[in-house]
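Fold and contact review
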Amino acid sequence: MTQQSTSLLVGLLAGIAAAVMLVSAGSPSSLSFLLFAAAALPILIAGLGWSNLASIVAVALAMAAIALITTPQAALVSAVTTLAPAAWIAHLSNLARPAEEIGGPEGGVAWYPLSDIFLNLAGCVCVGLIAIGLAMGYGPDFVSQLVEIFVSTLREGNADYQPSAEAIAEMKQFFLFALPAVQAAMWVVILFTGWYAASAIVRLSGRSKRPQDDLPSQLRMPRTGVIALAVGGTLSFFGGGIGLIGWTLIGAFGMGFVVAGFAIVHHRTRGKPARGLMLWICYLGTLIFTIPLLFFLFLGLFDTARTLTVTPSGPDTKP
């Protein structure tokens, strides 16, 4: 079997797996969110372990299957939020160039920087969510309906819960801007976790083209991310759709710096006797209180870098 036919077969299998996960996630269950989050994994494995052809075929087949089983709109949502970003990230991860072109050792290979992969990931999340928001008509009316459903559900479970009209109005205003930021932040974590898991699986299979990155020392956001975050902060002061776009940028790139902040803590605690305890306190404190996220955000903001992974030899592939 030729390499091209193998890529086609892998792409078909990956597309079927992704489509099954996404369609299954559409039915209400405790596993729905987990299935939706894991749908990027087959696309990433196909792209990282085989070729761009495999990931492109997987995306196309998954979109077609979802459109036939559900609706074309659902296929489009899946494509821009999960399938296409996964294929793009896998493509970037396999890019490499001769190290001497950037001042590295002769005969070495420099791989696409992890920081730039992470920056692209956050950018893909923003593009996908903004596109979906525009298509769905996300705005005050949409959020008002969501809040009304949410309040009604709480009332059914607790008859004493009777919020005032002012409280409901404040809740609607809060959710209007909080939802884009929270969704963007969550999706950055989901896609990055999928990339990390897929990379580990492909390395274990022996098909990985890219060497293992040292995440604690290399996972940083480049300075371009600071610009994107600043643009998001500026846009958030405007009303309407511009403000919502700003909050989406804040959520995606802000979470990028938060993850980088956690990587910095992992790096700086290496070799420390109580490293495990310190890391557990960091993660547990963040989950319980949320406020520590600001600490990791500023930690990531003050340590921006573009680090390279260089190997002695590798594929003669140029970006």
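Here is what the cut-offs are and how they apply
Residues numbered from 1 in each chain as written. Predicted model: local features only at pLDDT ≥ 70, side-chain atom pairs only at ≥ 80, totals over all residues. Heavy atoms only, no water. Pairing = 2+ DSSP bridges. Helix = DSSP H or I, 4+ residues; strand = E, 2+ residues; numbered from the N terminus. Axes fitted to C-alpha atoms, helices over the stretch in contact; angles between N-to-C directions. Patch = residues over 30% accessible without salt bridge, like charges linked within 9 Å, V, L, I, M, F, W, Y side chains within 5 Å. Areas by Shrake-Rupley, 256 points an atom, 1.4 Å probe, with all protein chains shown as cover. Salt bridge = Lys/Arg side-chain N within 4 Å of Asp/Glu carboxyl O. Buried < 20%, exposed > 50% of the residue type's maximum accessible area, 1.4 Å probe, protein only. Domains from an automatic or database assignment. Contact = heavy atoms within 4.5 Å. Buried area = accessible area lost by both parts, 1.4 Å probe. Polar contact = N/O pair within 3.5 Å; in protein donor to acceptor, adjacent residues only side chain to side chain. Nonpolar A, V, L, I, M, F, W, Y, C, P; charged D, E, K, R; others polar. Core = buried A, V, L, I, M, F, W, Y, C linked by side-chain atoms within 4.5 Å. Phe/Tyr/Trp six-rings, centres within 6.5 Å; stacked < 30°, edge-to-face > 60°.

1. A closer look at the sheet that holds strand β2 (residues 109-111)
- Taken together, three strands build an open sheet; the order of strands is β1-β2-β3 and the sheet is antiparallel. Edge strands, defined here as strands with exactly one partner in the open sheet, are β1 (96-98) and β3 (309-311). Between one strand axis and the next, the sheet turns by 30 degrees as a mean value, whatever way the strands run.
- Bridging between β1 and β2 involves three bridges; their strand directions are antiparallel. Bridging across to β2, Ala96 finds its partner in Trp111.

2. Thoughts on unusual backbone geometry
- Phi angles above zero are rare outside glycine, and Thr290 is one such case at about 70 degrees.
- With respect to the helices and strands, Thr290 occurs in the loop between α12 (275-289) and α13 (292-301).

3. Quick look at a nonpolar patch on the surface
- A cluster of nonpolar side chains, Leu284, Leu287, Ile288, Phe289, Ile291, Leu294, Phe298 and Phe302, forms an exposed patch at the surface whose accessible area comes to about 980 Å².
- Secondary-structure elements contributing two or more residues to the nonpolar patch are α12 and α13.
- It is α12 that contributes the most residues to the nonpolar patch, four residues altogether.
- Overall, the relative accessible area of 53% leaves Ile288 in the exposed class.

4. Focus: the domain arrangement of the chain
- Split by domain assignment, the chain resolves into domain 1 (1-94) and domain 2 (108-318).
- Each partner contributes residues to the interface: domain 1 has 21 residues there, and domain 2 has 24 residues.
- Of the roughly 2,100 Å² buried between domain 1 and domain 2, counting both surfaces, carbon and sulfur atoms make up 75%.
- For the pair domain 1 and domain 2, the number of links is zero salt bridges.
- Counting every contact that joins domain 1 to domain 2 gives six residue pairs in polar contact (both at pLDDT 80 or more).
- Residue assignment for the side of domain 1 that touches domain 2 shows that the elements contributing at least two residues are α2 (32-38), α3 (40-49) and α5 (72-93).
- Each residue belonging to the side of domain 1 that touches domain 2 can be placed in one class, and the counts come to 15 nonpolar, six polar and no charged.

5. Examining the environment of Gln162
- Mapped onto the secondary structure, Gln162 falls in the loop between α7 (140-157) and α8 (165-205).
- On the accessibility criterion, Gln162 (53% relative accessible area) is exposed.
- Along the primary structure Gln162 and Val151 are separated by eleven residues, whereas in three dimensions their C-alpha atoms are 8.8 Å apart.

6. Describing the nonpolar core
- Membership of the largest hydrophobic core comes to 63 residues, with the highest contact counts inside it found for Leu44 and Phe253.
- Each of domain 1 (1-94) and domain 2 (108-318) contributes no fewer than three residues to this core.
- Once you skip the residues sitting within four places of it in the chain, Phe253 turns out to touch Leu119, Ala122, Gly123, Cys126, Met221, Gly225, Ala228 and Leu229.
- Val151, Ile168, Phe177 and Leu244 belong to the second largest nonpolar core, which has eight residues in total.

7. Observations regarding the pattern of salt bridges
- If you walk through the whole model with that rule in mind, you get five salt bridges.
- One salt bridge connects Asp214 with Arg270, and the closest N-O pair in it is separated by 2.5 Å. Of the two residues, Asp214 sits in the loop between α8 and α9 (215-218) while Arg270 sits in the loop between α11 (240-268) and α12, which places them 56 residues apart along the sequence.
- Given a relative accessible area of 27%, Asp214 falls into the partly exposed group.
- Arg270 gets classed as partly exposed once you look at its relative accessible area, which sits at 40%.

8. Quick word on the packing of aromatic side chains
- What the rule picks out here adds up to ten aromatic pairs.
- Ring geometry for Phe262 against Tyr283: centres 4.8 Å apart, planes inclined by 10 degrees, an arrangement best described as stacked. On the criterion of sequence distance, the pair formed by Phe262 in helix α11 and Tyr283 in helix α12 is long-range, its members being 21 residues apart.
- Taking the relative accessible area as the measure of exposure, Phe262 reaches 12% and is therefore buried.
- Among the residues examined, Tyr283 registers a relative accessible area of 36% and is labelled partly exposed.
- Judged by centre distance (3.9 Å) and plane angle (15 degrees), the rings of Phe262 and Phe296 are stacked. Pair noted here: Phe262 is in helix α11 and Phe296 is in helix α13, with a separation of 34 residues, a long-range link. No difference in accessibility class separates Phe262 from Phe296, as the two residues are buried.

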